[in-house]
Amino acid sequence: MKSQINNETKNLVRGYNLIQRLSTLTEIMLQIDAVEDKSEIYDLIRAETKWLINCEVIAIAILSSLQNSYQIITLSSVADATGLNEIYYSLEEGVVGWVIRNQSSMKCQLDDSPQFSQMLEGRLKDFGIKNILVVPIKSGQHKVGALLFGTIEDEEYTDEDLITAQLYGLQIAVALTNASFVSDAKKRISQIESINEIARILNSTLNIDELLVRTAEAIYKSFNYFDVTIFLLSENKTELILKAHYGNYADFLPKDYKQDINEGIIGWVARHGEYALVNDVSQDPRYKSLEYHTTRSELALPIKLENILVGILNIEEKKLYAFDEMDVIVLQTLCEQIASALKNAKLFEEVKQANKKLKELDTMKSEFLGIVSHDFRSPLSSIILAGKSLLKSEDVQKNEKFKEYLHLIVEQANRLNQLAEDTLSITKIESGQVSLSLKVVNTENLVKEAIAGVRVSNRHKIHYHIEENVSYIKGDPAKLRQVVQNLVSNAVKYSPNGGNVNIEVKEYGSDKVLFSVSDEGIGIKPEHQDKLFLKFSRVDLATSKNIKGTGLGLWICKEIVEAHEGSIWVESEYGKGSTFKFIIKKYED
Ligand code: ADP
């Protein structure tokens, strides 16, 4: 039944004149124009060509992107049976290769064909094909491939067949080119989306191993490749070390698998610093086949950091001709992103190491300072003691020069002593050694001792007031004395014209105690108040230029108060005076 229909069709087509064929061609092309997808175009050619040209075999040859080979797509049942479908041929091979190379048509008896290839036309002959007609298909300057018709009839194809086939080829070329534009555009859009997604992943971690593994996974999943590997170059630059692997061979290679830089396509890429696009690995001597491999195409790209190779991104596919130049561009962009993420991760690692070293140095410095300042204090105390007792002696009292010099010695030794004490406090605080020894403290004694520790001129008057219900508190007496003493010392220091210094201790809420030390001195501008409690922070003002200090006192106060789970702050009016306040917990049992 089927062959009857075919015969009828053939007779019908043979009887057609060119005009009739053109109208059939127009009808077929209207249908082809309406579809966007390549496979739908092929389906239409398969179904409709019989109304146009007498043939048992119809096949289309598609030129590869590198233009050095072509792939046959068979589009009739006899053609399918020849087993030529999806086979690749070199452009040097067969009548089809000749037609594409020369961009001219050929119609001939199969036996006489000048470029007869056993592998191609030989297969047609096996199926009884006697005559063939091959026309190039191209759209403008863009070569698409060729269209092949074959018939079992003895009669050669006519000139009318030739013209019809050429016109048909022209139209198919346009349709296929449009379809590949559409599918290319779709593919590129999805690739750009994938790149953005991968860029997001690359920026999300600074851990090199995790970064590479997640990138390989994302490339594998979003590009739908068969196998994705990322290698890094070894330190001695002789091996490539597998760092990330996603895909069908992932179970076959161990993590940290090493490949000699002289082996395989990836070795070649590492040595040359250029990408390798291999669309048929069996034809490439660089290819190193592993037992389980079914790879047919491979694309390996260098990952370079400041033009120096650091690794390889390698993609493998089971299809021949799986990659084109556009894939190279897309994956190169990705390699650049991988490189810059690696750079960030490496920098981060370096900074981490440097920080670790700095911390070690800092600890050493603190320990050293602790030892030195501690050892300073005993000789200084002896100097101060000796100086003070000498000052009391009659001989010195009589001699103004002696008195002046001894005052200087005691004063400077006191300053040195304060400095040594501050330094010791810092080193203790920094090394986390501030441990409180909590005791019941008599507040009045604490305040008195603090005042006694400060050298007060007779221009200043110091008053204190302690509320009854806070006569006793719980805290570290030595440290709290140090805080109050610092604040009183500052109150005196920063009120150079003298005035009252008031110390108050009172209840604050139900469970806290408030200490406040106020003066009538130079005051502090609001914009300076926040920074006072930072280490080495001093307000640079004309009014306090001649007042000596280190900027450590308030920082130490803050650390001690906070160790008591309290807080410290200042209230001040510039030019009028300041009140430093701190609260600590009452520590009631
Ligand atoms: P130092 O007094 O050694 O500079 P401090 O940490 O005790 O260090 O004080 C930090 C800065 O705070 C001082 O340099 C000064 O500018 C300011 N300051 C501290 N106390 C007062 C105060 N009572 N009145 C005005 N300014 C003060």
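Look above for the structure.
Caption draft 1: Focus on the sheet that holds strand β18 (residues 567-573). Read across the open sheet, the five strands follow the order β14-β16-β17-β19-β18; overall the sheet is mixed. Both edges of this open sheet fall to β14 (460-466) and β18, since each of them pairs with a single strand only. Geometrically, the sheet is characterised by an average inter-axis angle of 15° between neighbouring strands, direction not taken into account.

Caption draft 2: Here's a closer look at the side chain of glutamate 316. In this fold, glutamate 316 is placed in strand β12 (residues 308-317). Among buried Asp, Glu, Lys and Arg side chains, glutamate 316 stands out as unpaired, with lysine 288 the closest opposite charge at 11 Å. Setting aside residues up to four positions removed in sequence, glutamate 316 forms contacts with Phe226, Asp227, Tyr249, His293, Thr295, Ser297, Glu298 and Phe323.

Caption draft 3: Fine view of the site of the ligand. The ligand sits among 20 residues. The nearest are Asn490, Tyr494, Arg538, Thr550 and Leu554. In this structure, valine 539 approaches the ligand through a main-chain N or O atom, which is 3.2 Å from an oxygen atom. Here a nitrogen atom of the ligand sits 3.5 Å away from a polar atom, N or O, in the side chain of serine 578. If the ligand stood free it would expose 530 Å²; the protein chains cover 97% of that surface. Going through the elements one at a time, α14 (477-493), α16 (553-563) and β19 (577-585) are the ones with two or more residues in the shell around the ligand. Partitioned by chemical class, the residues of the shell around the ligand number nine nonpolar, eight polar and three charged.

Caption draft 4: Quick peek at the sheet that holds strand β11 (residues 297-305). One open sheet accounts for six strands, arranged β9-β8-β7-β12-β11-β10; its pairing is antiparallel. Two strands in the sheet have a free side with no partner beyond their single neighbour: β9 (258-260) and β10 (276-278). Taking the axes of each pair of neighbouring strands and ignoring which way they run, one obtains an average angle of 25° across the sheet. The sheet strands contacting helix α8 (residues 208-223) are β7 (227-233), β8 (239-247) and β12, and the helix crosses β8 at an angle near 50°. Against the sheet, helix α9 (residues 264-272) engages β7, β8, β9, β10, β11 and β12, with an angle of about 30° to β11.

Caption draft 5: Geometry of the packing of helix α10 (residues 325-392) against helix α12 (residues 400-430). Across the interface, α10 lies against α12 with an axial gap of 8 Å and an inter-helix angle of 155°. Considered as vectors, α10 and α12 are oriented roughly antiparallel to each other. The way α10 lies across α12 gives a crossing that is left-handed.

Caption draft 6: Up close: unusual backbone geometry. Even without being glycine, glutamate 86 reaches a positive phi, approximately 65°. With respect to the helices and strands, glutamate 86 occurs in the loop between α4 (77-81) and β3 (88-90). We classify glutamate 86 as exposed; its relative accessible area is 52%. Positive phi, close to 60°, is recorded for glutamate 565, a residue that is not glycine. Assignment of secondary structure puts glutamate 565 in the loop between α16 and β18. Residue glutamate 565 is classed as exposed on the basis of its relative accessible area, which comes to 52%.

Caption draft 7: How the structure looks around the nonpolar core. Core analysis: the largest hydrophobic core is formed by 39 residues, its most contacted members being Ile473, Leu487, Phe515, Phe580 and Phe582. Among the elements of the structure, α12, α13 (443-452), α14, β16 (499-508), β17 (512-518), α16, β18 and β19 are those that each provide at least two residues to this core. The leading source of residues in this core is α14, at seven residues. Every residue in contact with leucine 487, bar those within four places of it in the chain, is listed here: Val517, Leu554, Cys557, Phe580 and Phe582.

Caption draft 8: Structural view of the pattern of salt bridges. One pass over the full model with this rule turns up 24 salt bridges. The partner of aspartate 256 in a salt bridge is lysine 255, and the shortest N-O contact between them spans 3.9 Å. On the basis of relative accessibility, which here comes to 33%, the residue aspartate 256 falls in the partly exposed class. Linked through salt bridges whose partners overlap, the residues forming this network are Lys243, Lys255 and Asp256.

Caption draft 9: Representation of the environment of aspartate 33 in the model. Along the chain, aspartate 33 turns up in helix α2 (residues 18-33). When its relative accessible area of 53% is taken as the criterion, aspartate 33 is described as exposed. Sequence spacing of aspartate 33 and phenylalanine 252 is 219 residues, and the spatial spacing of their C-alpha atoms is 47 Å.

Caption draft 10: Representation of the pairing of strand β6 (residues 142-151). Burial of β6 is extensive: eight of the 10 residues sit out of reach of the surface. Relative to β6, strand β1 (residues 57-63) runs antiparallel, the two sharing six bridges. What sits directly across from valine 57, in β6, is glycine 150. Relative to β6, strand β5 (residues 131-139) runs antiparallel, the two being bridged by nine bridges.

What counts, and at which threshold
- Residues numbered from 1 in each chain as written.
- Predicted model: local features only at pLDDT ≥ 70, side-chain atom pairs only at ≥ 80, totals over all residues.
- Heavy atoms only, no water.
- Pairing = 2+ DSSP bridges.
- Helix = DSSP H or I, 4+ residues; strand = E, 2+ residues; numbered from the N terminus.
- Axes fitted to C-alpha atoms, helices over the stretch in contact; angles between N-to-C directions.
- Buried < 20%, exposed > 50% of the residue type's maximum accessible area, 1.4 Å probe, protein only.
- Lys, Arg positive; Asp, Glu negative; His and termini not counted.
- Salt bridge = Lys/Arg side-chain N within 4 Å of Asp/Glu carboxyl O.
- Contact = heavy atoms within 4.5 Å.
- Near = heavy atom within 4 Å.
- Polar contact = N/O pair within 3.5 Å; in protein donor to acceptor, adjacent residues only side chain to side chain.
- Areas by Shrake-Rupley, 256 points an atom, 1.4 Å probe, with all protein chains shown as cover.
- Nonpolar A, V, L, I, M, F, W, Y, C, P; charged D, E, K, R; others polar.
- Parallel < 35°, antiparallel > 145°, perpendicular 65-115°, else oblique.
- Left-handed = near helix turned anticlockwise from the far one by under 90°.
- Core = buried A, V, L, I, M, F, W, Y, C linked by side-chain atoms within 4.5 Å.

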